[in-house]
Amino acid sequence: MKKVFKIALTGNPNCGKTTIFNQLTGTRQHVGNYPGVTVERKVGRIQLGEFTLEIVDLPGIYSLSSSSPEEKVAFRELMSPGLDLILNVVDASIPQRSLYLTTQLTELGIPMLIAFNMMDEAREKGLQFNIRKMEEYFGAEIVQTVGSKGGGIDHLRDSIRNVLLSEGKPHPATLRYGGAVDEAIENLVQKIELNPAHPCGHLPPRCIAIKLLENDDSVNQMPEFDSVRSAAEIQRKHLEEKHAIESETFMADCRYGIISGICRSTVKSTPVKRQQISDQIDKIMTSKFIGLPIFCLIMLLTFWFTFTCAQPFMDLIESLFGTLTDTVNSIWPEGKLDFLRALLADGIISGVGGVLVFLPNIVFLFLAIAFLEDSGYMARAAFVMDGFMRKFGLHGKSFIPLLLGFGCTVPAVMATRSIESEKDRMTTIMVLPLMSCGARLPIYSLIIPAFFLPKYQAWVMWLIYLIGVAIAMIAARLLKSTLFKGDGEVYIMELPPYRMPTLKSILIHMWERSAMYLRKAGTIILAASIVLFIANTYPKKESFSTDYAAQIQKIEQNTRLTEEAKKEQRTALEEQKKAEELAWTISGRIGKGLEPVFRPLGFDWKISTALIGALAAKEVFVSQLGILYAVGDADETSTPLKEHLLEHYTPLQAFCVMLFCLLSIPCMATIAIVRRETNSWKIALGQAAGLLICAYLLTFLVYQLGTALQLGTRLLS
């Protein structure tokens, strides 16, 4: 007897399928992507006695029509041999719409178990079901559940076990579509049976015949059915001539007719009419006049929650890694393998710390997003923004990732998975780096107070953010008119009823996304940090312009200086030596080599060198400048660094630095996550190259025009 059973969990979006999956598997899940597509694949395992159940949580779909990546993936999974059971989750509160997928699953002839979920909402609507009679129609057992509260889950487990272990597994009933359609199906079945070695041999020929009648792409592309394709075309034309309607549409009408008949005989509504609370709330939340302000307020509260709650944990992580670095440096034997010590302390530990210090932001951000998603509000947010986004060729669901991009581009790119249209999703991913993420804020906070009067500082900051948004919208319009050109897709936005999310579901969603950030983005930043450490360290400079050791010794021997003054002068000399060493390294030499390229933008070799460090993370730009200009405290509040910048650069150059950092790729982690989400290095590197070219050209225009007009070209020091 089998010891491992494979179960496909499927259902419509917002039917509570993922909640059922979480209730059954808990945290025993593996999350990845299906090969070749960006659709997420979840697999969970549970132990029932001596048997193991492998549950595959398929993407939420409305049908098996193969018209979207999710539907193609689901159909491919359901067509694969070795599937022991289909667990179909149905939203019991809207049976006539939810059962369309069930009719298609019935055609597969695979043992099926139906979970009528959200029974509490169905009862609130006054719906009553004749479950036994409905089971006879579909030839499958129906279990009533309330997944959000764990209701019926134990019964569902028992039913799964009983179906899998029964000697004669129940098979779904054969649905009849009427004389002409059934006749066309039977004619195709006979021809399919002549070729029993087709790739879907485990599926009944009737299922393949129906897919051929629907002109389904997945089946049509299989060369094994070439001999049947002409016969299918004849049958489709016959149905179209007889009913004056395309066969695909006619088959859908037949299914809805079956569903209507089943619901008429098995579903009753009580005479009590209630106006749903969700409808009452939506009158306010999706209002034409106050829907947008409410959305902005909720997003503001989301970011406030994220940064307020995350800051103490960020400080703690930063302190822990600082302590760890100091500990390694203190216990490591002096003069023994100094390169490995520096690599471990300054490269690996600092690299990991640089990633983990942002983890609290990611965790709390995803915690808030999970709550908004599970409560049903995110669908309303997309609805509210849909009209505005369509003016730029995007869908309303693009707005949420774009908004998240102001926090961090990495989770924003991951959030594009909620966009059904691949063209809209790709367009959104391509323009997301133009949203000014939090990593750029230290650059703005360093430059703006140094070069602009207090009364202009807020306006300059606002202008920088506005430039990013404006260019992103223009780029989106251009992309939808060229690379991702296509007819505007029509979306039916489903607004699920408001629900109180369960803590378990929110925590699982939060952990899945946070762990993915650590596994994927974190490793790339770690590798980049090690590479930059080596580039900032080697080759070592052996001779210097000044005998720093002798200078420091003179300072120590100067009795007229206080200890504090000695420390300041000693630190200044040490930082001058560091700056000279850095200019000799790979990074410094590359910066000097790139200086002729960046000089038309107003950048010298020091700015160019700092931009190299910013490839790992934009925050590195500030610290690199601090080292180059020999200041000990290279952060955004460092007055000495600001004074150095004022001595060497004009306000126009400073503005161009901010503009270039705004328009170029944010960090290596962004390239990595774009590659992961698009499954293409070509797209990821093409995006990075495109943003670099855009940043260069626009910065060039601004600097040259500003120079010609003498705008901000005078040193302020």
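Residues numbered from 1 in each chain as written. Predicted model: local features only at pLDDT ≥ 70, side-chain atom pairs only at ≥ 80, totals over all residues. Heavy atoms only, no water.

1. Concerning the overall build of the protein
- The helix and strand inventory of the protein stands at 31 helices and nine strands.
- When the 717 residues of the protein are sorted by exposure, 52% land in the buried category.
- Restricting to contacts in the protein with at least 6 residues of sequence separation, those with at least 24 account for 73%.
- Summing over all exposed atoms, the protein offers an accessible surface of approximately 33,400 Å²; the carbon and sulfur share of this is 61%. (Helix = DSSP H or I, 4+ residues; strand = E, 2+ residues; numbered from the N terminus. Buried < 20%, exposed > 50% of the residue type's maximum accessible area, 1.4 Å probe, protein only. Contact = heavy atoms within 4.5 Å. Areas by Shrake-Rupley, 256 points an atom, 1.4 Å probe, with all protein chains shown as cover.)

2. Things to note about helix 26 (residues 605-613)
- Here helix 26 lies mainly inside the structure; nine of its nine residues are buried.
- All of the buried residues along helix 26 are Trp605, Lys606, Ile607, Ser608, Thr609, Ala610, Leu611, Ile612 and Gly613.
- Among the residues of helix 26, the N-terminal cap falls to Asp604, whose side-chain oxygen and the backbone nitrogen of Lys606 are separated by 3.2 Å. (Polar contact = N/O pair within 3.5 Å; in protein donor to acceptor, adjacent residues only side chain to side chain.)

3. Observations regarding a nonpolar patch on the surface
- Taken together, the side chains of Leu337, Phe339, Leu340 and Ile534 define a hydrophobic patch exposed on the protein surface, amounting to about 350 Å² of accessible area.
- For Phe339, the position within the fold is in helix 14 (residues 338-356). (Patch = residues over 30% accessible without salt bridge, like charges linked within 9 Å, V, L, I, M, F, W, Y side chains within 5 Å. Salt bridge = Lys/Arg side-chain N within 4 Å of Asp/Glu carboxyl O.)

4. Overview of the environment of Gly405
- Within the fold, Gly405 resides in the loop between helix 17 (399-404) and helix 18 (409-414).
- A residue is classified by how much of its surface remains accessible, and Gly405, at 0% relative accessible area, is buried.
- In sequence terms Gly405 and Met435 are 30 residues apart; their C-alpha atoms lie 5.4 Å from each other.
- Excluding its chain neighbours within four sequence positions, the residues that come into contact with Gly405 are Ala412, Leu432, Met435, Ser436 and Cys437.

5. Structural notes on the pattern of salt bridges
- Tallying each qualifying case throughout the model produces 16 salt bridges.
- Of the charged contacts, one joins Arg206 and Asp182 as a salt bridge, the two residues approaching to 3.3 Å between their closest N and O atoms. On the criterion of sequence distance, the pair formed by Arg206 in helix 8 (residues 205-213) and Asp182 in helix 7 (residues 179-192) is long-range, its members being 24 residues apart.
- Assessed through its relative accessible area of 15%, Arg206 is described here as buried.
- The network of salt bridges with shared partners includes Glu107, Lys211, Glu214 and Arg255.

6. Observations regarding helix 21 (residues 454-481)
- Taking 1.5 Å of rise per residue, the 28 residues of helix 21 would be expected to cover 40 Å, and the 42 Å separating its terminal C-alpha atoms lies within 8% of that figure.
- Where helix 21 is buried, its residues meet helix 16 (377-390), helix 17, helix 19 (422-431), helix 20 (441-451), helix 29 (651-663) and helix 31 (681-708). (Expected span 1.5 Å × (residues − 1).)

7. Some words on unusual backbone geometry
- Phi at Asn14 takes a positive value of approximately 65 degrees, unusual for a residue other than glycine.
- With a relative accessible area of 36%, Asn14 lands in the partly exposed category.

8. Considerations on the packing of helix 24 (residues 563-584) against helix 25 (residues 586-598)
- It is at 4 Å that the axes of helix 24 and helix 25 come closest, and there the two elements cross at 70 degrees. Taken as axis vectors, helix 24 and helix 25 run roughly perpendicular relative to one another. Contact with helix 24, carried on its side by Leu582, Ala583 and Trp584, involves Ile586, Gly588, Arg589 and Lys592 of helix 25 and no other residues of that element.
- Split into classes, the residues belonging to the contact of helix 24 with helix 25 amount to four nonpolar, one polar and two charged. (Axes fitted to C-alpha atoms, helices over the stretch in contact; angles between N-to-C directions. Parallel < 35°, antiparallel > 145°, perpendicular 65-115°, else oblique. Nonpolar A, V, L, I, M, F, W, Y, C, P; charged D, E, K, R; others polar.)

9. Looking at the packing of aromatic side chains
- Applying the stated criterion across every chain, the model contains 12 aromatic pairs.
- Joined through ring pairs, the aromatic side chains of Phe598, Phe603, Phe660 and Tyr696 make up one cluster.
- Over the aromatic face of Tyr538 sits the side chain of Lys540, whose NZ or CZ is 5.7 Å from the ring centroid.
- Lying over the aromatic face of Trp584, Lys541 brings its terminal NZ or CZ to 4.2 Å of the ring centre. (Phe/Tyr/Trp six-rings, centres within 6.5 Å; stacked < 30°, edge-to-face > 60°. Lys NZ or Arg CZ within 6 Å of the ring centre and 35° of its normal.)

10. What about the packing of helix 21 against helix 29?
- Where helix 21 contacts helix 29, the axes come no closer than 10 Å and their chain directions differ by 35 degrees. Considering the relative orientation of helix 21 and helix 29, their crossing is right-handed. Touching Val460, Leu463, Ile464, Ile467, Gly468 and Ile471 of helix 21 are Phe655, Met658, Leu659, Leu662 and Leu663, all from helix 29.
- Across the contact of helix 21 with helix 29, the residue classes tally to 10 nonpolar, one polar and no charged. (Left-handed = near helix turned anticlockwise from the far one by under 90°.)

11. Focus on the confidence of the model for the protein
- Summing up the model confidence of the protein, the mean pLDDT is 80 and the portion of residues at 70 or higher is 85%.
- Within the model, pLDDT remains below 50 along residues 630-639, and this stretch shows 22 contacts once partners closer than five positions in the same chain are excluded. (pLDDT = per-residue confidence, 0-100.)

12. Side note on the nonpolar core
- Phe295, Phe451, Phe603, Phe621 and Met658 are the most contacted members of the largest nonpolar core, which has 87 residues in total.
- A per-element tally of this core places helix 29 first, with 11 residues.
- With residues up to four places along the chain from it excluded, the contact list for Met658 reads Tyr444, Ile447, Ile448, Phe452, Val460 and Ile464.
- Counting 65 residues, the second-largest nonpolar core is a separate cluster that includes Ile61, Leu105, Leu203 and Met251. (Core = buried A, V, L, I, M, F, W, Y, C linked by side-chain atoms within 4.5 Å.)

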